[in-house]
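Coordinate analysis (summary)
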Amino acid sequence: MTVKNTAALIDVEANNFALSDPSQLLLSLDDLAAHRGDGIFETVLVTYRDDATYIHNQALHLQRFIESARMLELPSPDPKLWEEALHATAKQYKELNPDAHTVSIRYTLSRGHDSDTTAHTPHGWVVTAPVPRPEPTEITVITLNSGLDSSIAESAPWLLRGAKTLSYATNQAAKRYALSNGADDALFHTTDGYALEGPNSTLILRIGDQLITPDPKIGILHGTTQRCIFENASSQGLLAQYANVTLDDLGNAQGAWLVSSVRGCRPISTILSSTSGPATHIPVDHDLTEHMLQWVLSS
């Protein structure tokens, strides 16, 4: 079955949008998003159930989108405009693909065009991409040195640590390295031994009765899926905490997950070291994993 994607073009200055066909040429070749990575984005999971459309963690994604715009000195996105564009795009996707149960929607804000001679005119777009329903599949991850220490976000704010920018070449390279070295995904760490995040996911550990995630102040994205899980943790008698997580902490965990909007909550069963050290095996908590997934799909 052929999937028909849909898109919307956002006119930031006019504060409106128009639905469009993503198979047509929509992006100028001198767009700063395309050849400089100068822009921001978010990706949301959409599910269709009982004739209703659910855009999961929509408010958290928009909040982070606005914060990323602030960090890049872009115009603050109008939440109402972007929400309307998201809902219109999701609705049209379902009309074009009536059997669809899930889809991801990525929305992007670009600084504008390189050819703008006086001031750049930011613009944006929204586009769909088909995805399977998130499944809690056990994964093996490999730890990779980020080349940065744990103080970098504070000492070098121009590196935009914590902003969700379009500059993802390093993240993609890390994923390829992981796959070519016997792992399913990667986990970055600092030069001074603190765990960070996956190339496109957030780390959560269970240690005793606590769920722990690395503090975003260390220079990572503040995960939307992780925040949803933390908001629901108390229903299972768990506390939620932000803390600096060492690589040694991984071996003491009773559970570990990489979580993200589209891939869901994937339990980590094995951690490999890129320095050829011994593998670390972590218990898989299937019951808690299923609870996490249900919290996300109910958000």
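Please refer to the structure higher up on the page.
Residues numbered from 1 in each chain as written. Predicted model: local features only at pLDDT ≥ 70, side-chain atom pairs only at ≥ 80, totals over all residues. Heavy atoms only, no water.

1. A few points about the side chain of T108
Assignment of secondary structure puts T108 in strand β5 (residues 102-110). Those residues in contact with T108 that lie beyond four places of it in its chain are I40, F41, F65, W82, H123, G124, W125 and L166. (Helix = DSSP H or I, 4+ residues; strand = E, 2+ residues; numbered from the N terminus. Contact = heavy atoms within 4.5 Å.)

2. Some details on unusual backbone geometry
Of note, N15 is a non-glycine position whose phi angle comes to about 60 degrees, a positive value. With respect to the secondary-structure elements, N15 resides in the loop between β1 (7-11) and β2 (16-20). Relative accessible area serves as the criterion here: at 39%, N15 is assigned to the partly exposed category. The phi angle at D51 is positive, at roughly 65 degrees, despite the residue not being glycine. With respect to the element layout, D51 can be found in the loop between β3 (39-49) and β4 (52-55). The class of D51 is exposed, set by a relative accessible area of 88%. (Buried < 20%, exposed > 50% of the residue type's maximum accessible area, 1.4 Å probe, protein only.)

3. Regarding the side chain of H56
Relative to the assigned elements, H56 resides in the loop between β4 and α2 (58-71). Among the residues examined, H56 registers a relative accessible area of 2% and is labelled buried. Only 3.4 Å separates the side chain of H56 from the backbone oxygen of V296, close enough to count as a polar contact. In contact with H56, other than residues within four places in its own chain, are V44, L45, V46, T47, R49, H61, V296, L297 and S299. (Polar contact = N/O pair within 3.5 Å; in protein donor to acceptor, adjacent residues only side chain to side chain.)

4. Overview of the environment of E83
For E83, the position within the fold is in helix α3 (residues 79-96). With relative accessibility at 29%, the residue E83 sits in the partly exposed group. Measuring from C-alpha to C-alpha, the distance between E83 and A163 comes to 20 Å, with 80 residues separating the pair along the chain. Among residues more than four places away in sequence, those in contact with E83 are Q58 and L62.

5. Looking at α2
Over its 14 residues, α2 runs 20 Å from end to end, which matches the ideal 20 Å to within 8%, given 1.5 Å per residue. Listing the buried residues of α2 in full gives Q58, L60, H61, L62, R64, F65, S68 and A69. The secondary structure elements touched by the buried residues of α2 are β3, β4, α3, β5 and α6 (224-232). Remark: E73 follows α2 within two positions and exhibits a positive phi of approximately 60 degrees. (Expected span 1.5 Å × (residues − 1).)

6. Regarding the nonpolar core
V46, W82, I105, Y107 and V126 are the most contacted members of the largest nonpolar core, which has 25 residues in total. Elements with a contribution of two residues or more to this core: β1, β3, α2, α3 and β5. Top element by residues in this core is α3. It accounts for six residues. Contact partners of I105, with chain neighbours within four places excluded, come to E42, T43, V44, V46, L86, T89, A90, V126, V127 and T128. (Core = buried A, V, L, I, M, F, W, Y, C linked by side-chain atoms within 4.5 Å.)

7. Section: the environment of S20
For S20, the position within the fold is in strand β2. Considering only alpha carbons, one finds S20 and V126, 106 residues apart in sequence, at a separation of 9.5 Å. Other than its neighbours up to four places away in sequence, S20 contacts T6, A7, A8, L9, L26 and Q92.

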